[in-house]
Amino acid sequence: MKITSEYILDLQNELRSVLNEQRYLHTLGVAYVSASLAMAHGLDHREALVAGLLHDCAKHYSGTELQELCKELGLTVSEHEMQLTQLLHAPYGAYLAETKYQIEKKEILLAVRNHTVGRPGMTTLEQIVFLADYFEPERKQKTEPSLDEIRRVAFSDLDEATFLVLKNTLKYLESTGQKMAPETMETYQYYFNRRVK
């Protein structure tokens, strides 16, 4: 399917009808930041925009619904994702992106699938959506360095920005006593190693 202006407008209208107002605003922020980062790093901005729009397309389902849907469809999900049901919107969202929203491009599907915990060796588009989800304009969390600094870094060095986001994510999970996805630690280690080489 070709990504046209009409397709993008139809997709926005569809998402506006299924997502609550706050989630839709977040979705637009992720889409716009993704498109901007794509232009800065030489990718197709329309593909990035669509990946950003679709990243939370399954967020309106409950955790129980997502568990059942992922099992029923035989989607590949980790044990950790199955336990932390708030992560399941990523694999099911990738499924919806392909089936309901007719996305054929593998890079877009991977970006939707891996925007929550990331993975070692993400494609440029995966990194872009992963980062945009963390620091789109409505995000206000305290980070070290600041979100504004991480945003600036992302426009010149995606690997460094990915490392900084993962470092802050791990710090936050530790401070709140939340379970950490093994994939998050593996991804952090991968980008830490890239940084020190």
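I will try to describe carefully the structure that is included in this document. Quick caveat, the model's predicted, so the values are computed rather than measured. (Residues numbered from 1 in each chain as written. Predicted model: local features only at pLDDT ≥ 70, side-chain atom pairs only at ≥ 80, totals over all residues. Heavy atoms only, no water.)

### Section: the overall build of the protein chain
Consideration 1: The number of helices and strands found in the protein chain is 11 helices and 0 strands.
Consideration 2: Here the C-alpha atoms of the protein chain give a radius of gyration of 16 Å, agreeing with the 16 Å that 2.2 N^0.38 yields for 197 residues.
Consideration 3: Judged by the C-alpha coordinates and their principal axes, the protein chain covers about 40 × 35 × 30 Å.
Consideration 4: Counting across all 197 residues of the protein chain, residues that qualify as buried make up 49%.
Consideration 5: A fraction of 59% describes how many contacts in the protein chain between residues 6 or more apart in sequence connect residues 24 or more apart.
Consideration 6: If the 22 positive side-chain charges of the protein chain are averaged to one point and the 28 negative ones to another, these points end up 4 Å apart. (Helix = DSSP H or I, 4+ residues; strand = E, 2+ residues; numbered from the N terminus. Rg over C-alpha atoms; globule rule 2.2 N^0.38 Å. Buried < 20%, exposed > 50% of the residue type's maximum accessible area, 1.4 Å probe, protein only. Contact = heavy atoms within 4.5 Å. Lys, Arg positive; Asp, Glu negative; His and termini not counted. Charge placed at Lys NZ, Arg CZ, Asp CG, Glu CD.)

### Quick notes on the packing of aromatic side chains
Consideration 1: A full pass over the atoms with the stated rule returns 6 aromatic pairs.
Consideration 2: Ring centres of Tyr92 and Tyr95 lie 5.6 Å apart, and the angle between their planes is 25 degrees; on these two criteria the pair is classed as stacked. Here Tyr92 pairs with Tyr95, and both are found in helix 6 (residues 89-99), just 3 residues apart, close to one helical turn.
Consideration 3: By relative accessible area, Tyr92 is classed as buried at 6%.
Consideration 4: Look at Phe163 and Phe192: their rings are 6.1 Å apart centre to centre, the planes differ by 40 degrees, and that puts the pair in the tilted class. (Phe/Tyr/Trp six-rings, centres within 6.5 Å; stacked < 30°, edge-to-face > 60°.)

### A short note on unusual backbone geometry
Glycine aside, the phi torsion of most residues is negative, and most peptide linkages are trans.
Consideration 1: For the peptide bond that leads from Glu144 to Pro145, omega is 0 degrees, which places it in the cis range.
Consideration 2: Tracing the backbone through its elements, the reader meets Pro145 in the loop between helix 8 (124-135) and helix 9 (147-154).
Consideration 3: Phi at Gln102 takes a positive value of approximately 60 degrees, unusual for a residue other than glycine.

### So, the nonpolar core
Consideration 1: With 59 residues, the main nonpolar core has Leu54 and Phe135 as its most contacted residues.
Consideration 2: Setting aside residues no more than four positions away along its own chain, Leu54 makes contact with Leu11, Ala97, Tyr101, Ile103 and Val112. (Core = buried A, V, L, I, M, F, W, Y, C linked by side-chain atoms within 4.5 Å.)

### Looking at the state of the cysteines
Consideration 1: Summed over all chains, the structure comprises 0 disulfides.
Consideration 2: Free cysteine: Cys57, not disulfide-bonded; nearest cysteine sulfur from Cys70 at 12 Å. (Disulfide = S-S within 2.5 Å.)

### So, helix 2 (residues 21-40)
Consideration 1: Between its first and last C-alpha, helix 2 extends 29 Å over 20 residues, near the 28 Å set by a 1.5 Å rise per residue.
Consideration 2: Considered for burial, the residues of helix 2 that qualify are Tyr24, His26, Thr27, Leu28, Gly29, Val30, Ala31, Val33, Ser34, Ala35, Leu37 and Ala38.
Consideration 3: Packed against the buried residues of helix 2 are helix 1 (5-18), helix 3 (45-54), helix 8 and helix 9.
Consideration 4: Sitting at the head of helix 2, Asn20 places a side-chain oxygen 3.2 Å from the backbone nitrogen of Gln22.
Consideration 5: Where helix 2 ends, the next residue or the one after it, Gly42, has phi of about 80 degrees, a positive value. (Expected span 1.5 Å × (residues − 1). Polar contact = N/O pair within 3.5 Å; in protein donor to acceptor, adjacent residues only side chain to side chain.)

### Observations regarding the packing of helix 10 (residues 158-176) against helix 11 (residues 182-196)
Consideration 1: Running from N to C, helix 10 and helix 11 point in directions that differ by 140 degrees, and their axes come no closer than 9 Å. What the angle tells us is that helix 10 and helix 11 run oblique. The two elements helix 10 and helix 11 cross, and the hand of that crossing is left-handed. Where helix 10 approaches helix 11, its residues Asp159, Glu160, Thr162, Phe163, Leu166, Lys167, Thr169 and Leu170 are matched on the opposing element by Thr184, Met185, Thr187, Tyr188, Tyr191, Phe192, Arg194 and Arg195.
Consideration 2: Along the lines of polarity and charge, the residues of the contact of helix 10 with helix 11 split into 7 nonpolar, 4 polar and 5 charged. (Axes fitted to C-alpha atoms, helices over the stretch in contact; angles between N-to-C directions. Parallel < 35°, antiparallel > 145°, perpendicular 65-115°, else oblique. Left-handed = near helix turned anticlockwise from the far one by under 90°. Nonpolar A, V, L, I, M, F, W, Y, C, P; charged D, E, K, R; others polar.)

### As for the side chain of Asn114
Consideration 1: As for its position among the elements, Asn114 is in the loop between helix 7 (106-113) and helix 8.
Consideration 2: The class for Asn114 is buried, based on a relative accessible area of 11%.
Consideration 3: Not counting chain neighbours up to four residues away, the residues in contact with Asn114 comprise Arg119, Glu126 and Phe130.

### With respect to the packing of helix 2 against helix 8
The axes of two packed helices give the description: the angle between them and the distance between them.
Consideration 1: It is the contact of helix 2 with helix 8, at a shortest axis distance of 8 Å, that shows an interaxial angle of 135 degrees. Considering their axes alone, helix 2 and helix 8 lie oblique with respect to each other. Of the two elements, helix 2 crosses helix 8, and the hand of that crossing is right-handed. Taken together, the residues of helix 8 that come into contact with helix 2 (itself represented by His26, Val30, Val33, Ser34, Leu37 and Ala38) are Ile128, Val129, Ala132, Asp133 and Phe135.

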